[in-house]
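Per-entry structural report
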Amino acid sequence: MLKIISFQKIWDHAPHNALTDLIRFKDGWYCTFREGNKHVLGANGCIRILYSRDLSHWTPVAFFSQEGIDLRDPKLSVTPENKLMLLAGGSQYTQRGKYLVFQSRVAFSNDGIKWSPFQLVLEPHQWLWRVTWHQGKAYGVAYRFSNPKRKKNEWIAELFESNNGVDYKLLSSWDIKGYPNEATLRFFDDGRMIALLRRDKRFDNHAWIGISAPPYKEWEWKPTRHYFGGPNFCFIDGVIWAAGRILMPNPYGYHEKTVLAKVEKDDIIPVLCLPSGGDTSYPGMVYHEGHLWLSYYSSHEGTTAIYLACIQL
């Protein structure tokens, strides 16, 4: 029976705490997120990492800030060398809030406490949102403005590959319209890649699911029936479980919820609504010893805070 068996707020110390990721590494748990004054681009943004041995007590172990840089969207992964890799974005704005440049960056650690300096990756204006390691290589989707001076123009999403998490080569540029952006990649046992991609075009913002066989040049895409913000998903016993933000109808329009969903027949089927609302989503997902652990953020209790849920599937 699908149910939430535990739920807790694990951090709310900053005015705005958001954009989470969760990983298990060397018998410990690490949760990362962004701290700032508010959500919007151009606000001050820093990155914090919490550590837990038992998933009940969480201790701050790392904090990242860069003067004049809005750090956001931290993601954690484990490299083939058994190091933690932190991927994050950093944007710069003028004092009046006009966009100047964005660039992704990575840092590495043996213990989650001491980290290497950030290294810039890809080119300016490219947002590498998440990477997935497979057979010794990192794969990720970066999105960018087709024209940085005209952000309302169409966006471009591209698939990249790296041997070390720092140097990337382009594998394919996706012919997808509708402001494609955040994407998570996973792999079938036969080596095929599957992508869950967010889109943000007004009145046409449903997420797309794509599948490709090596060398991942040709893709087959199908639209889902839902908008899906901050998309994440994983394979558990042959089932694809996804988590992210959907827009649920109410008498006044729509409201945001973070949900757990099944991916079936190229569609997203919400099956469990997590305690959430307002500014919410960006879940981390770890399946461990029969339970699915989800980190995410939400503002349903007033302060935008970080939460952790344990789900029995």
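Residues numbered from 1 in each chain as written. Predicted model: local features only at pLDDT ≥ 70, side-chain atom pairs only at ≥ 80, totals over all residues. Heavy atoms only, no water.

For side chains bearing opposite charge, pairing can occur when the charged atoms are close. Tallying each qualifying case throughout the model produces 16 salt bridges. Residue arginine 34 is joined to aspartate 70 by a salt bridge in which the shortest nitrogen-to-oxygen separation is 3.0 Å. A residue pair is termed long-range when its members are at least 10 positions apart, and arginine 34 in strand S3 (residues 28-36) and aspartate 70 in strand S6 (residues 70-78) qualify at 36 residues. On the accessibility criterion, arginine 34 (1% relative accessible area) is buried. Across the pair glutamate 182 and arginine 198 runs a salt bridge whose closest N-O atoms are separated by 2.9 Å. One end of the pair, glutamate 182, is in strand S14 (residues 180-187); the other, arginine 198, is in strand S15 (residues 193-199), and 16 residues separate them in sequence. Comparing glutamate 182 with arginine 198 shows no difference in burial state: the two are buried. (Salt bridge = Lys/Arg side-chain N within 4 Å of Asp/Glu carboxyl O. Helix = DSSP H or I, 4+ residues; strand = E, 2+ residues; numbered from the N terminus. Buried < 20%, exposed > 50% of the residue type's maximum accessible area, 1.4 Å probe, protein only.)

The next thing to look at is the sheet that holds strand S10 (residues 127-134). Strand pairing in a sheet relies on backbone hydrogen bonds. The paired strands run either parallel or antiparallel. Sheet architecture is open: 4 strands sit in the order S10-S11-S12-S13, paired in antiparallel fashion. Whereas interior strands pair on both sides, the edge strands pair on one side only; in this sheet they are S10 and strand S13 (168-174). Sheet twist, expressed as the average angle between the axes of neighbouring strands with direction ignored, equals 25°. (Pairing = 2+ DSSP bridges. Axes fitted to C-alpha atoms, helices over the stretch in contact; angles between N-to-C directions.)

By themselves these figures say nothing about function.
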